[in-house]
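Inside the fold
In case you want the letters, here they are:
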Amino acid sequence: MKADAPPTGNPLLPGWFTLSVDKPRLLGARCKACNTYYFPKQVTFCRNPACVSETFEEVELSRTGTLWSWTNACYAPPEPYVGVEPHVPFAIAAVELAREKMVVLAPCTSGVTVAQLKAGMAMELALEPLNDGKL
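Here we summarise the structure given alongside this text. Keep in mind the model is a prediction, meaning the values are calculated, not measured.

Parameters at a glance
Residues numbered from 1 in each chain as written. Predicted model: local features only at pLDDT ≥ 70, side-chain atom pairs only at ≥ 80, totals over all residues. Heavy atoms only, no water. Helix = DSSP H or I, 4+ residues; strand = E, 2+ residues; numbered from the N terminus. Buried < 20%, exposed > 50% of the residue type's maximum accessible area, 1.4 Å probe, protein only. Contact = heavy atoms within 4.5 Å. Areas by Shrake-Rupley, 256 points an atom, 1.4 Å probe, with all protein chains shown as cover. Pairing = 2+ DSSP bridges. Axes fitted to C-alpha atoms, helices over the stretch in contact; angles between N-to-C directions. Core = buried A, V, L, I, M, F, W, Y, C linked by side-chain atoms within 4.5 Å. Salt bridge = Lys/Arg side-chain N within 4 Å of Asp/Glu carboxyl O.

With respect to the overall build of the protein
Looking only at helices and strands, the protein features 0 helices and 7 strands. Listing each helix as α and each strand as β along the protein from the N terminus yields β-β-β-β-β-β-β. Burial statistics for the protein: of 135 residues in total, 30% are counted as buried. Pairs at least 24 apart in sequence give 53% of the contacts found in the protein among residues at least 6 apart. On the protein, roughly 8500 Å² of surface is accessible, and the fraction owed to carbon and sulfur atoms is 58%.

So, in C-alpha coordinates, the structure goes:
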(Lines give C-alpha, C1' and ligand atoms only; values in the text may rest on other atoms or scores of the structure.)
Protein backbone atom coordinates (compact mmCIF):
# COMPACT_ATOMS: atom_id res chain seq x y z
CA MET A 1 0.00 0.00 0.00
CA LYS A 2 1.37 3.38 -0.95
CA ALA A 3 0.29 6.73 0.36
CA ASP A 4 -1.39 9.12 -2.08
CA ALA A 5 -0.04 12.28 -0.46
CA PRO A 6 3.45 13.27 0.67
CA PRO A 7 4.33 11.99 4.15
CA THR A 8 3.71 14.36 7.02
CA GLY A 9 5.08 14.38 10.54
CA ASN A 10 8.33 12.83 11.62
CA PRO A 11 9.62 9.36 10.87
CA LEU A 12 9.45 6.91 13.76
CA LEU A 13 13.05 5.85 13.04
CA PRO A 14 14.90 8.90 11.67
CA GLY A 15 17.72 8.03 9.29
CA TRP A 16 16.46 4.51 8.55
CA PHE A 17 14.64 5.32 5.30
CA THR A 18 13.94 8.07 2.80
CA LEU A 19 10.56 9.79 2.83
CA SER A 20 9.79 9.45 -0.88
CA VAL A 21 6.13 8.52 -1.37
CA ASP A 22 6.64 6.83 -4.73
CA LYS A 23 10.01 5.19 -4.17
CA PRO A 24 11.06 5.00 -0.51
CA ARG A 25 14.46 3.45 0.20
CA LEU A 26 16.04 1.93 3.28
CA LEU A 27 19.26 3.71 4.26
CA GLY A 28 22.16 1.43 4.99
CA ALA A 29 25.93 1.43 4.91
CA ARG A 30 28.49 -0.25 2.67
CA CYS A 31 32.05 -1.10 3.66
CA LYS A 32 34.33 0.69 1.18
CA ALA A 33 36.93 -2.08 1.36
CA CYS A 34 34.89 -5.28 0.88
CA ASN A 35 31.47 -3.93 -0.26
CA THR A 36 29.57 -5.63 2.60
CA TYR A 37 26.17 -3.99 3.17
CA TYR A 38 24.62 -3.24 6.56
CA PHE A 39 21.12 -2.36 7.70
CA PRO A 40 20.57 -0.62 9.96
CA LYS A 41 23.68 1.46 9.29
CA GLN A 42 26.76 -0.01 10.95
CA VAL A 43 29.76 2.28 10.75
CA THR A 44 32.17 1.33 13.54
CA PHE A 45 33.93 -1.72 12.09
CA CYS A 46 33.31 -4.19 9.30
CA ARG A 47 31.76 -7.40 10.60
CA ASN A 48 33.06 -9.37 7.63
CA PRO A 49 35.70 -11.61 9.27
CA ALA A 50 37.97 -11.27 6.21
CA CYS A 51 37.96 -7.44 6.40
CA VAL A 52 39.52 -5.02 8.88
CA SER A 53 38.14 -1.81 7.38
CA GLU A 54 36.50 0.95 9.38
CA THR A 55 35.52 3.04 6.35
CA PHE A 56 31.86 3.10 5.25
CA GLU A 57 29.55 5.09 3.02
CA GLU A 58 25.81 5.63 3.42
CA VAL A 59 23.85 3.95 0.63
CA GLU A 60 20.24 3.64 -0.43
CA LEU A 61 19.39 -0.05 -0.41
CA SER A 62 17.29 -1.93 -2.97
CA ARG A 63 13.56 -1.23 -2.93
CA THR A 64 12.74 -4.73 -4.10
CA GLY A 65 13.57 -8.25 -3.08
CA THR A 66 12.33 -11.80 -2.67
CA LEU A 67 10.25 -13.07 0.24
CA TRP A 68 12.47 -15.44 2.16
CA SER A 69 10.29 -16.17 5.20
CA TRP A 70 7.39 -14.65 7.16
CA THR A 71 5.39 -14.87 10.35
CA ASN A 72 2.59 -13.03 12.10
CA ALA A 73 2.60 -10.85 15.18
CA CYS A 74 -0.49 -11.91 17.08
CA TYR A 75 0.69 -10.06 20.19
CA ALA A 76 2.08 -6.55 20.64
CA PRO A 77 5.90 -6.55 20.37
CA PRO A 78 7.84 -5.05 23.30
CA GLU A 79 9.24 -1.51 23.31
CA PRO A 80 10.66 0.28 21.41
CA TYR A 81 8.01 -0.94 18.92
CA VAL A 82 5.19 1.56 18.53
CA GLY A 83 2.00 0.43 16.88
CA VAL A 84 -1.72 0.80 16.67
CA GLU A 85 -3.63 0.55 19.96
CA PRO A 86 -5.36 -1.74 20.59
CA HIS A 87 -2.93 -4.17 18.96
CA VAL A 88 -4.00 -5.53 15.58
CA PRO A 89 -2.15 -8.67 14.37
CA PHE A 90 0.08 -8.05 11.34
CA ALA A 91 2.39 -9.97 9.02
CA ILE A 92 6.18 -9.68 9.25
CA ALA A 93 8.30 -10.39 6.17
CA ALA A 94 11.94 -11.44 5.86
CA VAL A 95 12.98 -10.16 2.43
CA GLU A 96 16.26 -10.80 0.65
CA LEU A 97 17.19 -7.51 -1.02
CA ALA A 98 17.84 -7.79 -4.76
CA ARG A 99 21.28 -6.16 -5.09
CA GLU A 100 22.68 -6.60 -1.58
CA LYS A 101 21.67 -10.27 -1.09
CA MET A 102 20.98 -9.56 2.58
CA VAL A 103 17.78 -10.33 4.49
CA VAL A 104 15.88 -7.55 6.26
CA LEU A 105 12.78 -7.92 8.46
CA ALA A 106 9.86 -5.53 8.36
CA PRO A 107 6.14 -5.45 9.02
CA CYS A 108 3.96 -5.77 5.94
CA THR A 109 1.59 -2.95 5.12
CA SER A 110 -1.91 -3.11 6.59
CA GLY A 111 -4.22 -5.52 4.85
CA VAL A 112 -1.47 -8.01 3.96
CA THR A 113 -2.00 -11.32 5.75
CA VAL A 114 0.25 -14.35 6.15
CA ALA A 115 -2.20 -16.29 3.95
CA GLN A 116 -1.24 -14.02 1.03
CA LEU A 117 2.51 -14.55 1.41
CA LYS A 118 4.42 -17.21 -0.54
CA ALA A 119 8.14 -18.01 -0.42
CA GLY A 120 9.92 -16.54 -3.41
CA MET A 121 7.33 -13.88 -4.20
CA ALA A 122 8.50 -10.42 -5.25
CA MET A 123 8.30 -7.74 -2.56
CA GLU A 124 8.61 -3.94 -2.74
CA LEU A 125 9.22 -1.41 0.03
CA ALA A 126 6.27 0.84 0.85
CA LEU A 127 5.74 3.37 3.65
CA GLU A 128 2.59 3.59 5.69
CA PRO A 129 1.77 6.02 8.51
CA LEU A 130 1.06 4.68 11.98
CA ASN A 131 -2.02 5.78 13.88
CA ASP A 132 -0.23 8.93 15.12
CA GLY A 133 0.84 9.91 11.60
CA LYS A 134 4.48 8.88 11.99
CA LEU A 135 6.05 6.87 9.19
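Let's talk about the side chain of serine 53
Relative to the helices and strands, serine 53 resides in the loop between β2 (37-38) and β3 (56-60). For serine 53, the residues in contact, after removing those within four places along its chain, are Cys31, Ala33, Phe45 and Cys46.

Things to note about the sheet that holds strand β4 (residues 64-73)
Within the open sheet, the 4 strands sit side by side as β6-β5-β4-β7. Their pairing is antiparallel. Lying at the two open borders of the sheet, with one neighbouring strand each, are β6 (103-107) and β7 (122-124). With direction set aside, neighbouring strand axes in the sheet form an average angle of 45°. Of the strand pairs in this sheet, β4 and strand β5 (residues 90-97) are connected by 8 bridges, and their pairing is antiparallel. The residue bridging glycine 65 from the neighbouring strand is leucine 97, located in β5.

Observations regarding the pairing of β4
As judged from the 3 bridges shared by β4 and β7, these two strands associate in the antiparallel manner. From the neighbouring strand, threonine 64 faces β7, where its bridge partner is glutamate 124.

A short note on the nonpolar core
Residues Phe17, Leu26, Phe39, Val59, Leu61, Leu97, Met102, Val104, Leu125 and Leu127 constitute the largest nonpolar core, which totals 10 residues. Look past the residues within four positions of leucine 26 in its chain and what remains in contact with it is Trp16, Phe17, Phe39, Val59, Glu60, Leu61, Val104 and Leu125. Within the second largest apolar cluster, 7 residues are counted, among which are Ala91, Ala93, Leu117 and Met123.

A look at the pattern of salt bridges
Across all of its chains, the model carries 4 salt bridges by this definition. Here arginine 30 makes a salt bridge to glutamate 57, at a shortest N to O gap of 2.1 Å. Taken together, the positions of arginine 30 in strand β1 (residues 27-31) and glutamate 57 in strand β3 put the pair 27 residues apart, joining distant regions of the chain. Residue arginine 30 is classed as buried on the basis of its relative accessible area of 16%. In this structure, glutamate 100 engages arginine 99 in a salt bridge whose closest nitrogen and oxygen atoms are separated by 2.7 Å. Residue glutamate 100 is classed as buried on the basis of its relative accessible area of 8%. When its relative accessible area of 45% is taken as the criterion, arginine 99 is described as partly exposed.

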